[in-house]
Amino acid sequence: VDTCSAIKRLVFLTIKAPRDWEGPVNRRLAKGVQRHPVRATLLDWHAIAGANTDYLCNDKFHLSRAGAVAYAEVIVAALRQ
């Protein structure tokens, strides 16, 4: 049973985390989005957060206030498309 069949729009964000599982998780997300090319969108948070160092706390993992705002704005922009 396809539990996502009734969902019209799927939005996924890559992760930005200084962990060994970062790459495998992002690749898996990309593969999943490829399975639903019409309904699914992959937002590259990894690239966005990597280009804006003020979006992450000193641990390079958790969002700063600016990062939380940017994260929400990226999602809202994708949903408005």
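Residues numbered from 1 in each chain as written. Predicted model: local features only at pLDDT ≥ 70, side-chain atom pairs only at ≥ 80, totals over all residues. Heavy atoms only, no water.

Turning our attention to the overall build of the chain. Regarding its fold elements, the chain presents three helices and two strands. Starting at the N terminus and ending at the C terminus, the chain contains elements arranged as β-α-β-α-α. With 81 residues in all, the chain has 26% of them scored as buried. Within the chain, counting contacts between residues at least 6 apart in sequence, those at least 24 apart form 60% of the total. For the chain, the exposed surface amounts to about 5,800 Å²; the carbon and sulfur share of it is 57%. For the chain, the centre of its 12 positive side-chain charges and the centre of its 7 negative side-chain charges are spaced 7 Å apart. (Helix = DSSP H or I, 4+ residues; strand = E, 2+ residues; numbered from the N terminus. Buried < 20%, exposed > 50% of the residue type's maximum accessible area, 1.4 Å probe, protein only. Contact = heavy atoms within 4.5 Å. Areas by Shrake-Rupley, 256 points an atom, 1.4 Å probe, with all protein chains shown as cover. Lys, Arg positive; Asp, Glu negative; His and termini not counted. Charge placed at Lys NZ, Arg CZ, Asp CG, Glu CD.)

This part is about the nonpolar core. Membership of the largest hydrophobic core is limited to nine residues, which are Leu 13, Leu 43, Trp 45, Ala 49, Tyr 55, Leu 56, Ala 70, Val 74 and Ala 78. No other element matches helix H3 (residues 65-80), which puts three residues into this core. Setting aside residues up to four positions removed in sequence, Val 74 forms contacts with Leu 43 and Ile 48. (Core = buried A, V, L, I, M, F, W, Y, C linked by side-chain atoms within 4.5 Å.)

Here the focus is the pairing of strand E2 (residues 40-43). Bridge count for strand E1 (residues 10-13) against E2 is four bridges, and the pairing is parallel. Counterpart to Phe 12 in the pairing with E2 is Leu 42. Of the crossover connections in this fold, the one passing from E1 over helix H1 (residues 22-34) to the parallel E2 is right-handed. (Pairing = 2+ DSSP bridges. Right-handed = clockwise from strand over helix to strand, strands pointing away.)

Right, let's get into the packing of aromatic side chains. For the coordinates displayed, the defined rule picks out three aromatic pairs. Ring centres of Trp 45 and Tyr 55 lie 5.9 Å apart, and the angle between their planes is 10°; this geometry places the pair in the stacked category. Placement of Trp 45 in helix H2 (residues 45-51) and of Tyr 55 in the loop between H2 and H3 is noted, with a sequence separation of 10 residues between them. By the burial criterion, Trp 45 is buried, and Tyr 55 matches it. (Phe/Tyr/Trp six-rings, centres within 6.5 Å; stacked < 30°, edge-to-face > 60°.)

Moving on, we come to unusual backbone geometry. With phi around 60°, Lys 60 is a residue other than glycine that occupies positive phi space. Note that Lys 60 resides in the loop between H2 and H3.

Right, let's get into the side chain of Glu 22. Its place among the elements puts Glu 22 in helix H1. One buried charged residue, Glu 22, forms no salt bridge at all, with the nearest opposite charge on Lys 16 at 4.5 Å. Discounting chain neighbours no more than four positions away, the residues touching Glu 22 are Ile 15, Lys 16, Ala 17 and His 46. (Salt bridge = Lys/Arg side-chain N within 4 Å of Asp/Glu carboxyl O.)

Geometry only, nothing functional implied.
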